[in-house]
Amino acid sequence: MRLEAREVRVHYRVGGRTLEAVRGVSLHVDRGERVGLIGESGSGKSSLARALLGLEALAGGAVQLDGQPMHGASRAQRRRFQPVFQDVGASLDPRMRLRDALAEPFEIHSVPFDEAKLAGLLALVQLSPELLGRLPRELSVGQRQRVNLARALALEPELLLLDEPVSALDVSVQAQVLNLLQDLVAQRALGLLVISHDLDVVAHLCTRVLVMYAGKIVEAGPVAAILSRPRHPYTRLLVESRQRLVEGKGEPPSRLEPFPAGCAFAPRCPLALEKCRTEVPALGGASHRSACFVSGGD
Ligand SMILES: Nc1ncnc2c1ncn2[C@@H]1O[C@H](COP(=O)(O)OP(=O)(O)O)[C@@H](O)[C@H]1O
Ligand SMILES: [Mg+2]
């Protein structure tokens, strides 16, 4: 199975102006592959995620699952590609007992199930079947995120998209959920697209990483290369600061102004040349790619 996005664009209309959230992103994820997408808050990761799932209209480009468009995909096709979102609270109906929340995917897709199947789903995410009668508010945040994961796994998808899967969790619970995810992905040979502003999450789960800045992919390569030898000045900043210092080092461009000509990172970039302010660098290179005139790909 292959998820493929080509030159995807997502625009929003805000107060009569156009906000270009995703500005021509291409990527692919094959079955069994684990790909991470990192970037600061506001870089367009969730907009891209919704576009990949066929939930956000495309202002340009195309998204395909095994060559079939995701927009207007059949239910059978959607079953194969399931999301888990960050917003643990909002994903579960507060009035629905876990039994019913877990039954929902089967009911929506008219797939037969029984109590043992639901208990099995809870076991899969290392929760006790005794929780089937509980309401979401009677669970911890970490347990709720496991239930979300169980729901996403109910119909045996081939590809999971995780958007900030552990950002709402305490650090100790994060590690547990990440280990659980790692086991499940290995057991089921799942493809994975993990979106996070946290490099450690992606380093834990993924083999290949894409770095997004201001709606574009600026660097792509094997996780070890990105972490130990980042090329793009933005990725270097991310890796060096592990996110914490980025705030002090300038701001991403305002999304409502027209983009500056040239590289969107140039106004913050310590290495920027004159050319960087007038021309947009392409994502060059083979296995380790970088969209930078100063430090390009291999
Ligand atoms: N539904 C929306 N309407 C208008 N603007 C949006 C909407 N969703 C996201 N944005 C804007 O698009 C940009 C990218 O946001 P988002 O995709 O959520 O980024 P990330 O997930 O990387 O934090 C931000 O400037 C954000 O404010
Ligand atoms: Mg987001």
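Bear in mind the structure is a predicted one, so any value in this text is a computation, not a measurement. (Residues numbered from 1 in each chain as written. Chains lettered and ligands numbered in written order. Predicted model: local features only at pLDDT ≥ 70, side-chain atom pairs only at ≥ 80, totals over all residues.)

1. Topic: the site of ligand 1
Moving on, step 1. Neighbouring ligand 1 are 13 residues; Tyr-12, Ala-21, Lys-45, Ser-46 and Ser-47 lie closest to it.
Moving on, step 2. Secondary-structure elements contributing two or more residues to the shell around ligand 1 are strand E1 (2-14), strand E2 (17-30) and helix H1 (45-52).
Moving on, step 3. If you tally residues by element for the shell around ligand 1, the top one is H1, at three residues.
Moving on, step 4. Split into classes, the residues belonging to the shell around ligand 1 amount to four nonpolar, seven polar and two charged. (Near = placed C-beta within 6 Å. Helix = DSSP H or I, 4+ residues; strand = E, 2+ residues; numbered from the N terminus. Nonpolar A, V, L, I, M, F, W, Y, C, P; charged D, E, K, R; others polar.)

2. Concerning the sheet that holds E1
What links the strands of a sheet is backbone hydrogen bonding, and the strands pair in either a parallel or an antiparallel sense.
Moving on, step 1. Strand order in this open sheet of four strands is E2-E1-E4-E5, and the pairing throughout is antiparallel. At either margin of the open sheet sits one strand with a lone partner, and together these are E2 and strand E5 (68-69).
Moving on, step 2. Those strands touched by H1 are E1, E2 and strand E4 (60-65), and its axis lies near 120 degrees from that of E1. (Pairing = 2+ DSSP bridges. Contact = placed C-beta atoms within 7 Å. Axes fitted to C-alpha atoms, helices over the stretch in contact; angles between N-to-C directions.)

3. Structural notes on the domain arrangement of the chain
Moving on, step 1. Once the domains are mapped, the chain shows domain 1 (2-80 + 159-290) and domain 2 (91-156).
Moving on, step 2. Computed over C-alpha atoms, the centres of domain 1 and domain 2 are 29 Å apart.
Moving on, step 3. Domain 1 puts ten residues into the contact, and the matching count from domain 2 is ten residues.
Moving on, step 4. Within the residue set of the side of domain 1 that touches domain 2, elements represented by two or more residues are helix H2 (75-79) and helix H7 (171-188).
Moving on, step 5. Broken down by class, the residue content of the side of domain 1 that touches domain 2 amounts to seven nonpolar, one polar and two charged. (Domains from an automatic or database assignment.)

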